[in-house]
Amino acid sequence: MKLDCRPDFVTLVWTEDRSLADTSLFRLGNCFPTSVSAREAVFSVGLNDCNFRRLVTGDQLMYTNDLTYISSPDSHVLPFTHSVVCAYQRQGWYPLIYDPVFNTYGQGDLVFHIGLMNVDFSGPAESTSFPLGSFIPIMASVEQKTHQPLLLLLEECVAATTPELRPESSVYPIITNKGCLVDSKISHSKFEQRQKSSEIHLSLQAFRFALGEEVFIHCKLVAWDPAGLDKTNKACHYVKDHGRVSSFVSQPITAERVALRRDKHLTPPSERNRKPTGLRMDWFHCNQCFTKRGSKFAVSSCGHICCEACIKSKQCSVCGASCSYLPITDEMKPQEKVFFKDPVKLIQSRLEHISQIALFQRTQMERVMAQCKRKCTELERHLKEVTEQSH
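Starting afresh in each chain, residues are numbered from 1 along the sequence in its written order. The predicted origin of the model limits local features to residues at a pLDDT of at least 70 and limits the giving and counting of side-chain atom pairs to 80 or more, whereas totals for whole chains, interfaces and linings rest on all residues. Note that water and hydrogens are dropped before the side-chain values are worked out from all heavy atoms of the structure.

(A) Spotlight on the packing of aromatic side chains. Only rings of Phe, Tyr and Trp enter the pairing, Trp through its six-membered ring, and a pair is recorded when the two centres are within 6.5 Å. The plane angle decides the type: under 30 degrees is stacked, over 60 is edge-to-face, the rest tilted. Scanning all chains against the criterion turns up 13 aromatic pairs. Centre to centre, the rings of Y69 and F80 are 5.4 Å apart; their planes meet at 15°, and the pair counts as stacked. One end of the pair, Y69, is in strand 7 (residues 60-69); the other, F80, is in strand 8 (residues 80-89), with 11 residues separating them in the sequence. On the numbers, 4.4 Å between centres and 20° between planes, the contact of Y172 with F207 is stacked. With Y172 in strand 12 (residues 171-176) and F207 in the loop between strand 15 (199-205) and strand 16 (215-225), this residue pair connects regions lying 35 residues apart in the sequence. Note on classification: 1.4 Å probe, protein chains only; a residue is buried when its accessible area is under 20% of the maximum for its type, exposed when over 50%, partly exposed between these limits. Judged by relative accessible area, Y172 falls into the buried class, the value being 17%. Judged by relative accessible area, which is 7%, F207 ranks as buried. Three or more aromatic residues joined by ring pairs make a cluster, and in this case those are W14, F26, Y69 and F80. For the purposes of this entry, the term helix denotes a DSSP run of H or I that reaches at least four residues, the term strand denotes a run of E that reaches at least two, and both are numbered from the N terminus.

(B) Structural view of the sheet that holds strand 21 (residues 305-307). With respect to topology, 3 strands assemble into an open sheet ordered 21-20-22, the strand pairing being antiparallel. Each having just a single partner strand, strand 21 and strand 22 (325-327) make up the two edges of the open sheet. With strand direction ignored, the average angle separating the axes of adjacent strands in the sheet is 35°. Of the strand pairs in this sheet, strand 20 (residues 297-300) and strand 21 are connected by 3 bridges, and their pairing is antiparallel. Within strand 21, the residue paired with F297 across the bridge is C307. Pairs of strands are assigned from DSSP output, requiring at least two bridges between the strands. Helix axes are fitted only over the stretch in contact, all axes being lines through C-alpha atoms; the angle between N-to-C directions runs from 0 to 180 degrees.

(C) Focus on the state of the cysteines. By convention in this document, the label disulfide applies to cysteine sulfur atom pairs within 2.5 Å. Tallied over the full model, the rule gives 3 disulfides. The residue that forms a disulfide with C31 is C50, at a sulfur-sulfur distance of 2.0 Å. Disulfide C31-C50: the torsion about the S-S bond is -100°, which places it as left-handed. Here C50 lies in the loop between strand 5 (40-46) and strand 6 (53-57) and C31 lies in the loop between strand 3 (26-28) and strand 4 (35-36), a separation of 19 residues in the sequence. We note that C31, like C50, is buried. Covalent S-S linkage joins C157 and C219, the inter-sulfur distance amounting to 2.0 Å. On the S-S bond that ties C157 to C219, the torsion sits near 120°, and the link is right-handed. Taken together, the positions of C157 in strand 11 (residues 151-160) and C219 in strand 16 put the pair 62 residues apart, joining distant regions of the chain. In this pair, the class of C157 matches that of C219, namely buried. Sequence-ordered numbering of the disulfide-bonded cysteines in the protein chain gives the connectivity 1-4, 2-3, 5-6. Between C310, a cysteine without a disulfide, and C307, which holds the nearest cysteine sulfur, the sulfur-to-sulfur distance is 3.6 Å. In this structure C310 comes out as buried when scored by relative accessible area, which is 14%.

Written out as structure tokens, the structure is:
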């Protein structure tokens, strides 16, 4: 190997005496030979090319690289490597001095994920059905990549009966007020201890909502700057045993809304025959013996409620009329279940739905009126121009 080190470039010639090696398979760093022949491989390259490494030691400036032979599969010559070193007297060369940068700016898209997990959050859930009262493990994350450190939080979450939130969607609030897990006040739902700043784990206790229908959990995910704190932005849940709120806060960067689908939860056998809950039913009793105790009741086709002990086959035990019985459970159809709901809440839900419809229609009317005003303004301007031109 012949090596000629010049101030700005290097010439290297490898001569193969036995003509066993394929000279085209030599590499200097990441550079191919400048020219090849049957017995020679020639490299004529700059010191700033081919991945030369620069090292300053005392009064010497050294450039190092590796000459490598890449053997072909059918060759008897094994791969080998030779070090290439060019040393120069250091004359007037010093490392560049960089002023520190205190302000940086970057822009890019963030990628968010959310999904149902297994019990220990180690992988995706095998089923989307959960028994009433069990925990639904939910994990949300943001891809860190080359971003500055990110802290992910759930700003709001609601359960709905539709894959997209619409005015007519039935909803159940889970997280509101920029990160408060309001469901934890009536359940054991909680945020789990963080493993990564870019991930958040939520254990949501399965609740009664839209029985017999698919349930979709809609969440707004927000990535935060851990260096900044803002008391209005948080992730908190209610700790019942201590009667306090556990929380942590930070400053937002960007956000994205995603939807998480969950099939209807399974009601345990012990729960299936219970009468509907969620409202005060002081009026609920067996119309025959007036008992309120027990878990199995039915309503007759003639409108009487009877307990299991008072039910007579094909005959109402209260009025004696021929009838059929409908078990009073959470498995009833919506049109049947409505008779056991709080009428005040029914009115409130209907009024809320009506107000959403009215707001939607009013917004549309305002857009029409604004367009009409713009048209009138344009016509008046055009009329004025025509009038001026006619004079």
